[in-house]
Structure formats: structure tokens, C-alpha cells
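Chain residues, written in single-letter form:
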Amino acid sequence: MQKTKSKFQKMTTYIAIVSFILAAVSAVFLFIKTNELGLSDPVAASWLASLFFFIFTGISLLLISGVNLPSFKFEDNPKS
């Protein structure tokens, strides 16, 4: 039985996609700054940290959006 996703889960799917896009942008700037300044520069390190953050945020949000979450609503007629 396929359960419909909540608004929260649908929203996390879109935010995950945005997070992956931001990771790609961070990767481009990391490549540019690494060629300009070298990998030991703090600016390049901050772009690397941003890349790491956005990738794993996107993975986490995709996992949340794909899981079958239970409903925590109270039923009027409890099953006995």
C-alpha cells in the first residue's frame, strides 16, 4: 500500500534538490579558488566545507523525503 507523502516530505525533496545545486556551485568555486590560491588557503577550505555541508544535507533530506513516516494523528474511533 503506497502512502501519500506529507507536505513536509514533499518540501524536503525540493530543498534537497536545491542543496545539490548549491553543492555543484560550491564545487565550481572551490575549483576556481584552488587554482587561484591553492588548497591551503582559508577561502578554499571554506568552499570545501560548504561543498561537504550541502552534499550531506541533500542526502539527509532525500532520505527523510523517501521514508514512510507514520501518521501521529489521533483517531476518533480507536481500533479495538
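Treat the numbers as computed from the prediction; the structure is a model and nothing was measured. (Residues numbered from 1 in each chain as written. Predicted model: local features only at pLDDT ≥ 70, side-chain atom pairs only at ≥ 80, totals over all residues. Heavy atoms only, no water.)

A.B. asks: In this structure, what is going on with the packing of helix α1 (residues 7-37) against helix α2 (residues 42-66)? I would like to understand it.
C.D. replies: Packed helix pairs are characterised by how far apart their axes lie and by the angle those axes make with each other. Put simply, α1 and α2 touch, their axes get as near as 7 Å, and they point 160° apart. Accordingly, the angle class assigned to the pair α1 and α2 is roughly antiparallel. The handedness of the crossing between α1 and α2 comes out as left-handed. Here the residues of the contact of α1 with α2 are counted per class, giving 21 nonpolar, 10 polar and 1 charged. (Axes fitted to C-alpha atoms, helices over the stretch in contact; angles between N-to-C directions. Helix = DSSP H or I, 4+ residues; strand = E, 2+ residues; numbered from the N terminus. Parallel < 35°, antiparallel > 145°, perpendicular 65-115°, else oblique. Left-handed = near helix turned anticlockwise from the far one by under 90°. Nonpolar A, V, L, I, M, F, W, Y, C, P; charged D, E, K, R; others polar.)

A.B. asks: I would appreciate a short explanation of the side chain of Gln-9 in the present structure.
C.D. replies: By the secondary structure assignment, Gln-9 is in helix α1. There is a polar contact of 3.3 Å between the side chain of Gln-9 and the backbone oxygen of Ile-64. With residues near it in sequence (within four places) discarded, Gln-9 still touches Ile-64, Ser-65, Val-67 and Leu-69. (Polar contact = N/O pair within 3.5 Å; in protein donor to acceptor, adjacent residues only side chain to side chain. Contact = heavy atoms within 4.5 Å.)

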